[in-house]
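Coordinates in review
The lines below spell out each chain.
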Number of protein chains: 2
Amino acid sequence: MGLESFFQPSSVAVIGASREPGKLGYEILRNIIEAGFRGGLYPVNPKADEILGLKCYRSVKDVPFEVELAVVVVPARFVPLVMSDCAEKGVRAAVVISGGFSEIGPAGEELERQMLEIARRAGIRIIGPNCQGVISTSAGLCASWPLVRVRGHISVISQSGTIGAALGCWAAHEQIGIDKLVALGNKCDVDEIELLEYLAKDPRTKVIALYMEGVRDGRRFLEVASATAQEKPLVVLKGGRTTKGAEAVLSHTRSIAGSDAIFDLAFRRAGAIRVFDVEEMYDVCKGFASLTSPAGPNVVIVTSSGGSGILATDACEELGLNVIELPANVRHSLKEKLPPECVLRNPLDLTGSATSAMYDEAIAVISSSKEVHSIIAIIGDPMPGIAEVMAKHFHGGKTLVVVMLGGGDVELEERAKLQKMGIPIYSSPIRAARALAALTRYAEMRAERMGQNLKPQPPTNRRLGE
Amino acid sequence: MGLESFFQPSSVAVIGASREPGKLGYEILRNIIEAGFRGGLYPVNPKADEILGLKCYRSVKDVPFEVELAVVVVPARFVPLVMSDCAEKGVRAAVVISGGFSEIGPAGEELERQMLEIARRAGIRIIGPNCQGVISTSAGLCASWPLVRVRGHISVISQSGTIGAALGCWAAHEQIGIDKLVALGNKCDVDEIELLEYLAKDPRTKVIALYMEGVRDGRRFLEVASATAQEKPLVVLKGGRTTKGAEAVLSHTRSIAGSDAIFDLAFRRAGAIRVFDVEEMYDVCKGFASLTSPAGPNVVIVTSSGGSGILATDACEELGLNVIELPANVRHSLKEKLPPECVLRNPLDLTGSATSAMYDEAIAVISSSKEVHSIIAIIGDPMPGIAEVMAKHFHGGKTLVVVMLGGGDVELEERAKLQKMGIPIYSSPIRAARALAALTRYAEMRAERMGQNLKPQPPTNRRLGE
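What counts as what
- Residues numbered from 1 in each chain as written.
- Chains lettered and ligands numbered in written order.
- Predicted model: local features only at pLDDT ≥ 70, side-chain atom pairs only at ≥ 80, totals over all residues.
- Contact = placed C-beta atoms within 7 Å.
- Helix = DSSP H or I, 4+ residues; strand = E, 2+ residues; numbered from the N terminus.
- Nonpolar A, V, L, I, M, F, W, Y, C, P; charged D, E, K, R; others polar.
- Least-squares fit on C-alpha atoms with pLDDT ≥ 70 in both.
- Buried ≥ 20, exposed ≤ 12 C-beta atoms within 10 Å, placed from the backbone.
- Pairing = 2+ DSSP bridges.
- Right-handed = clockwise from strand over helix to strand, strands pointing away.
- Axes fitted to C-alpha atoms, helices over the stretch in contact; angles between N-to-C directions.
- Parallel < 35°, antiparallel > 145°, perpendicular 65-115°, else oblique.
- Left-handed = near helix turned anticlockwise from the far one by under 90°.
- Arc of directions from axis to C-beta.
- Domains from an automatic or database assignment.

Our focus in this paragraph is the interface of chain B and chain A. Counting from both sides, the interface comprises 65 residues of chain B and, opposite them, 65 residues of chain A. Taken together, the elements giving at least two residues each to the side of chain B that touches chain A come down to α5 (161–173), α8 (243–253), α10 (278–290), α11 (306–318) and α15 (408–420) of chain B. With 10 residues, α11 of chain B is the single largest residue contributor to the side of chain B that touches chain A. Partitioned by chemical class, the residues of the side of chain B that touches chain A number 23 nonpolar, 28 polar and 14 charged.

What follows is about the relation of the copies chain B and chain A. With an axial shift of 0.0 Å and an RMSD of 0.0 Å, the rotation relating chain B to chain A amounts to 180 degrees. Given the turn and translation reported, the copies of this chain are related as if by a two-fold rotation axis. Taken together, the interface assignments show that 100% of the residues at the interface of chain B recur at the interface of chain A, consistent with an identical surface on both copies.

Residues and elements named next belong to chain B. In terms of burial, strand β19 (residues 399–404) is largely enclosed, as six of its six residues are buried. Side-chain alternation along β19 places T399, V401 and V403 on one buried face and L400, V402 and M404 on a second face that is also buried. Two strands pair when backbone bridges link them, and strand β18 (residues 374–379) and β19 are joined in this way by six bridges, in the parallel orientation. Considered in β19, the bridge of I375 is made with L400. As a crossover connection, the stretch from β18 through helix α14 (residues 386–394) into β19 is right-handed. Where β19 and strand β20 (residues 425–426) come together, two bridges link them in parallel fashion.

A few words now on the pairing of strand β2 (residues 40–44) of chain A. Relative to β2 of chain A, strand β1 (residues 11–15) of chain A runs parallel, the two sharing five bridges. Across the sheet, residue I15 of chain A finds its bridge partner in β2 of chain A, namely V44 of chain A.

Moving on, we get to the packing of helix α12 (residues 328–337) of chain B against helix α13 (residues 356–367) of chain B. A packed helix pair is summarised by two numbers, namely the angle formed by the two axes and the spacing between the axes. Residues and elements named next belong to chain B. With their axes 9 Å apart at the nearest point, α12 and α13 run at an angle of 160 degrees to one another. The angle between the axes of α12 and α13 places the two elements in the roughly antiparallel class. Read as a crossing pair, α12 and α13 show a hand that is right-handed. Facing α12, whose interface residues are V330, S333, L334 and K337, α13 presents E361, A362, V365 and I366.

All names here are of chain B. Restricting attention to buried positions, one finds in helix α3 (residues 79–89) the residues V79, V82, M83, D85 and C86. Projected down its long axis, α3 shows its buried positions confined to an angular sector of 155 degrees, all on one face. The inward-facing, buried residues of α3 abut β1 (11–15), β5 (69–72), β6 (93–96) and α4 (106–122). Remark: G90 follows α3 within two positions and exhibits a positive phi of approximately 85 degrees.

Residues and elements named next belong to chain A. Annotation of chain A at the domain level lists domain 1 (1–130), domain 2 (150–290) and domain 3 (293–449). Centre-to-centre, using C-alpha coordinates, domain 1 lies 25 Å away from domain 2. Residue-level contacts link 14 residues of domain 1 with nine residues of domain 2. Secondary-structure elements contributing two or more residues to the side of domain 1 that touches domain 2 are α4 (106–122) and β7 (125–127). Classifying every residue of the side of domain 1 that touches domain 2 by side-chain character gives eight nonpolar, three polar and three charged.

Below, the structure is given as structure tokens:
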């Protein structure tokens, strides 16, 4: 059976639903309601008649309608019984949030084995146990916490609930949104490999974020990661890179963190994009989810802030992007259209007297050049009207990366407008360069694989300063 | 004459004040008013009687009261004349915002020379020209843009207006605040060296952020930076590290970016803390401005999120912090006080069932150990009441660094409470570790200089992954 029942279920039972705010059994039920789930929703709790306005059932077997997905929040010792009920009821998939399984030692291992055996016999697929649940925004399903419901094109597989949740929260806050999120937990059944295969083919997912601590079958992981990265960008954050980090991994998810050098090689081989920080992961995924793919490494930086332009230049250079000299015809046109104080080189410094109209002129001219593949536009001052200008050029064919900083209240207003239009904004030149470098590297790698003749850069995962 | 007239002037004239919103002469006057400046404030504009409710004067000479500081926004060609008026009037200091001086070539150089000569004769000190102004929050003075008025203990010297403004805006947004900010511009008179000397002795300044692109006198810079770093932390971001970045520096401020290796060595020698990103600069300054100085490198990580704890461990290890084994007595006490699902090691994983009360117990126990110097508390879930708990331990003697992520709306509420209390929050484990590593390195360097016997770490400026 596939994984569709986790992400597009027609009906959901929350087994262990609670009347008490603050308890997971309450928060999850409420999040499913608030995320706008439209299918059947059935709280199960033998001691309640009604929770959050929904009729409550003693057992999932008592639900008089079909139940496709069960979200399980009862204590571990009851879970095998609950799984038997699910089997009887014909449930197709279960997200087991409860902890107290293999992660706590032999007694929990036995419970996990029992639960899995019952599920396997009945053909029930399991995510978890000991996990932070599943989100599928397009289905209005938030069987997790906190509430995340803004739709987007990033899908997340995470061995850590919090790291997934952080990506979901940031993406919601900036109106970038996510599509699917799976917290793996003990992955007694569904694991990152099966999810990668699924998401690689999932039309709603443009980019996959994977937080991992270890893998059981390295060879298979490399195989599937390679196949996935050929379909769409795969952004990987790996915990346990250091000796003490690896020790912590062992006690967190009983995974073997493995040699970081080997993982690094594997990621390179697979064509995955390695990141080293949760925010970097978000920045890069945001770029893949929203930006036009760059047709090559040549970038022009347009800025109202000389200093920020310099920092962007340093970062682009170090990350393997090509801060080209302005082509002569571009220079010539810019000279005609811009005031004399502008510094007509790359970075193109519109200076402190920059206006939105000047950005408009400048980007129009630069975009018309075939030698330019991407533009980093740094708005380093209060710049009323800049959102409209950026929106005008955002879908113009070139990759346009917007950076805003130091603009006070005007910046907040323009940011809000851009976010509403789905245009991503970066808060520093470096973060923008990092995202653009990842997109460029990925585009080049794909082009190379398809035998196209872009200037190929080595598909390294370079970090700033290396 | 010293620099006090820039930062605590009794009266200010805005020469070139404008009635038109959007024009610098309007925005700056408005920002001075809105930042709460309480001294005399005199707009000067020959074509207006009143601006923003203030009586307007034809010339600074017509102001019938003393004028200590002039903020000059008129076109460059009028500035020498304006400076003569200021000299006649007995003005003590001038912030020249106007561009069109040495940065544009020989004609501008001549204007700059004239202006400076007049000022020198009259004993007027100049910041600028071609700069984004000066902020001194304790004086309610925002002779710059955008409006920044939240008071704090970070002072900023920046060769880029935007980079200074970004720090000011972020610090305001998080209630961390800044004290003084100077955008250097062409630094025809006051430069970073004199400002470092001033801020080193300034009791309101706890930490100095310096964005620089080059220096005129490297030897003198090293001397003053060393002396400054002995007084208080000096955090340096240097633009123009790469070849193309250095070219951009030349056209931005006509500075020679110089060999990055030599700068790096100089920063190390001086004991300055080098950062590589505007946000990193902010994170580190925020730490110095608000956190207790760590008494040594031993850190314990307390977390509700296993994955975040692992990322923090990796980052701490790589940055030279010491993720110690939990001392036996600490482990023992924790075992008594925490539920059995908690993982009693470092990182201390309170697991998904963590509550604010559990953080309270855990931090109380850990704080009591002499072997622990600092605590990173990662709140990776919605955690009502956590602000009070963090506040309770924040001033308890150990360095306590708070990280919040993945907590949804509850996180936003608790963040707001913590910010109101002046307790800094970091958005990712890595950003927190970076700040803590800088604080630890600085404390160790100072201890070493004072001949104390802390475990000395080499005062390197290591980056993640090096």
